[in-house]
Amino acid sequence: MSEHAVEQAASHGPTAGEYIVHHLTHWNTTGHPQAKIVDFSVFNVDTLIFSVAMGVAALFLLWRAASKATSGVPGRFQAAVELVLEMVADQAKGIIHSAESRKFIAPLALTVFVWIFFMNAMDMLPVDLLPLLWQTATGDHHAYLRVVPTADLNGTLGMSIGVLLVCLYYNVKIKGFGGWVHELFSAPFGSHPVLAPLNFMMQLIEFAAKTISHGMRLFGNMYAGELVFMLIALMGAAWAGTFTGAALWIGHVIAGSMWAIFHILIITLQAFIFMMLALVYTGQAHEGH
Amino acid sequence: MNLNATLFAQLAVFFILAWFTMTFVWPPIVKALDERAKKIADGLAAADKAKMDLANAEKKAVDEMRKAREAAAELRAGAERQAAQLIDEARSEAARVIAQAREAAEGEAGAAMQRAKEALREQVAALAVTGAERILRREINANVHAELLANLHQELK
């Protein structure tokens, strides 16, 4: 969508397409929508602000529980945090057999789970609430703002690449650099000079596929969820005193409630899946082929 | 869905948050959990020990009761035996005293009878001699027949 179209939309009131495109455009450091698909000179300010804010909020809660943790009878809050922590610890114990590695990977998995849950939960806010407040605050009625950091591919790929780096680190740490390089060229088809290039190709594809699917899965779910919320919001926006408009408004209330309730499951499930995959991938880095 | 440098920023945030959790969140909670697990384990062990102690004490109490009952029974048996013995002794003592008394009485009675018999014989002899004197007053010379009379007197005795 070009700037021209946005300006045009502003003068007439946005069409459905314009409304959605506007909502799917990031507030970035250039001040206008990113032109190229890949441009590493640009930062999405909204994604950074909300992901850091959610990370700080999530870890603040965990830290509060940790700083008051007692071995006596726990309060409800402490018990709730312990519940999540033990769930993650149990999963980590089942997947990663090295206690030394778990010292880093289990807290990492907990961080990922809680952080992603908080970021996903931003989707539960009304789609127009924060953008509208932001537009009012800045006085710019076309200011872009996206509040769900996990509905930004940069956010999810950033985390999945983080998991990839952890995997590479443990590959080298557990197998030794030589052992890992040997594995790169000898697995999965077997150690033979003829098969070496094929093995290496397969390994590269495997790493790339894992990382991209890891990030894309979360992104796709949250992006689609956000889009559905916007479509539902459009139904309510059709309110115009006509019968159809009133029916659509009621449809908004019903569909919006249903989707929001269903989304509680999705945001939790996606956070859990991302955490589990992070554990599984790092666990694979510990095992020789 | 454009890619940009946000990705690297997110990557950095990812590791910073993970480091924070690893350093400040995970260890204290895990420590508290482990300590609580230990406390519970200790508590359970203490409860088991107390139960065992109680069982032992009960067994000991039963033993002591049994011993006491046995001792009491023994004591009573001893006392009864002693009492029976005392009664036996008293009975035999009484029998002895009675026998002695009877013997003494019988001896005394025998002696008295003997004395009475002798006195009676004396009197019968004297009477016989007197009667014979009266019958034979004239025919018998006391001096001549003194030896005869003495013999007779001796025989009657």
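Provided above is the structure to which this section pertains.
Remember, predicted model here, so these are calculated numbers, not experimental data. For every chain, the first residue of its written sequence is number 1, and the numbers climb from 1 along that sequence. The order in which chains are written sets their letters, starting at A; the order in which ligands are written sets their numbers, starting at 1. For a predicted model such as this one, the threshold for reporting local features is a pLDDT of at least 70, and the threshold for listing and counting side-chain atom pairs is 80 or more; totals across whole chains, interfaces and linings nevertheless cover every residue. Where side-chain values are given, they derive from all heavy atoms of the structure, hydrogens and water being excluded.

Comments concerning the overall build of chain B
Step number 1: Going along the chain from the N terminus, every DSSP run of H or I of four or more residues is numbered as a helix, and every run of E of two or more is numbered as a strand. Of regular secondary structure, chain B possesses 2 helices and 1 strand.
Step number 2: Order of helices (α) and strands (β) in chain B, N terminus to C terminus: β-α-α.
Step number 3: Compactness check: chain B gives a C-alpha radius of gyration of 62 Å against a globular reference of 15 Å for 157 residues, more than 25% above the reference.
Step number 4: Principal axes of the C-alpha set define a box for chain B whose edges measure 200 × 20 × 15 Å.
Step number 5: A burial count over chain B gives 13% of its 157 residues as buried.
Step number 6: Accessible surface computed for chain B: about 12,200 Å², of which carbon and sulfur atoms make up 62%. For a compact globule the rule gives 2.2 Å times the number of residues to the power 0.38, and the radius of gyration it is set against comes from C-alpha atoms. For each residue, the accessible area found with a 1.4 Å probe, counting protein chains only, is set against the maximum for its type, and the residue is called buried under 20%, exposed over 50%, and partly exposed in between. Only the protein chains shown count as covering a residue, and every accessible area follows the Shrake-Rupley method with a 1.4 Å probe.

With respect to the pattern of salt bridges
Step number 1: Put simply, a salt bridge is a Lys or Arg side-chain nitrogen that is within 4 Å of an Asp or Glu carboxyl oxygen. Taken as a whole and judged by the stated rule, the model has 12 salt bridges over all chains.
Step number 2: Close ionic contact of Arg36(B) with Glu82(A) constitutes a salt bridge, the shortest N to O distance being 2.8 Å. Highlighted residues: Arg36(B) in helix H1 (residues 6–135) and Glu82(A) in helix H4 (residues 76–95), drawn from two different chains. By the burial criterion, Arg36(B) is buried, and Glu82(A) matches it.
Step number 3: Here Lys103(A) and Glu100(A) are joined by a salt bridge, their closest N and O atoms 3.7 Å apart. Here Lys103(A) and its partner Glu100(A) are both found in helix H5 (residues 99–121), 3 residues apart, which amounts to about one turn of the helix.
Step number 4: Taking relative accessible area as the criterion, Lys103(A) reaches 56% and is therefore assigned exposed.
Step number 5: Ionic contacts of the salt-bridge type, sharing partners, join the residues Asp63(B), Arg66(B) and Glu70(B) into one network.

A short note on the packing of helix H3 (residues 45–67) of chain A against H1(B)
Step number 1: Angles run from 0 to 180 degrees between N-to-C directions of axes, and those axes are lines fitted to C-alpha atoms, restricted for helices to the stretch in contact. Running from N to C, H3(A) and H1(B) cross one another at 5°; their axes reach a closest spacing of 9 Å. In terms of orientation, H3(A) lies roughly parallel with respect to H1(B). Contacts between H3(A) and H1(B) involve Thr47(A), Leu48(A), Ser51(A), Val52(A), Gly55(A), Leu59(A), Leu62(A), Trp63(A) and Ala66(A) from the first element and Thr6(B), Ala9(B), Gln10(B), Val13(B), Leu17(B), Phe20(B), Thr21(B), Phe24(B), Val25(B), Pro28(B) and Ile29(B) from the second. We call two directions roughly parallel when the angle between them is under 35 degrees, roughly antiparallel when it is over 145, roughly perpendicular when it lies between 65 and 115, and oblique otherwise. Residues count as neighbours in contact if any of their non-hydrogen atoms are within 4.5 Å of one another.

Here's the deal with the side chain of Asp39(A)
Step number 1: Of note, Asp39(A) is situated in strand E1 (residues 38–39).
Step number 2: For the purpose of charge, His is not counted, nor are the chain termini; Lys and Arg are scored as positive and Asp and Glu as negative. Lys36(A) is the oppositely charged side chain nearest to the buried, salt-bridge-free Asp39(A), at an N-O distance of 4.5 Å.
Step number 3: If we skip the residues at most four places from it in the chain, Asp39(A) touches Gln34(A), Leu3(B), Asn4(B) and Ala5(B).

Re the packing of aromatic side chains
Step number 1: By convention, a stacked pair of Phe, Tyr or Trp rings (six-membered ring in the case of Trp) has centres within 6.5 Å and planes under 30 degrees apart, an edge-to-face pair has planes over 60 apart, and any other such pair is tilted. Under the criterion given, the structure shown has 14 aromatic pairs over all chains.
Step number 2: Arranged with centres 6.0 Å apart and planes meeting at 35°, the rings of Phe60(A) and Trp63(A) form a pair that is tilted. Here the residue Phe60(A) and the residue Trp63(A) both occupy positions in helix H3, the gap between them amounting to 3 residues, near one helical turn.
Step number 3: According to the relative accessible area criterion, Phe60(A) is partly exposed, its value standing at 43%.
Step number 4: By relative accessible area, Trp63(A) is classed as partly exposed at 35%.
Step number 5: An angle of 45° between the planes, with centres 5.1 Å apart, marks the rings of Phe20(B) and Phe24(B) as tilted. One end of the pair is Phe20(B) and the other is Phe24(B), both in helix H1 and 4 residues apart, which spans about a single turn.

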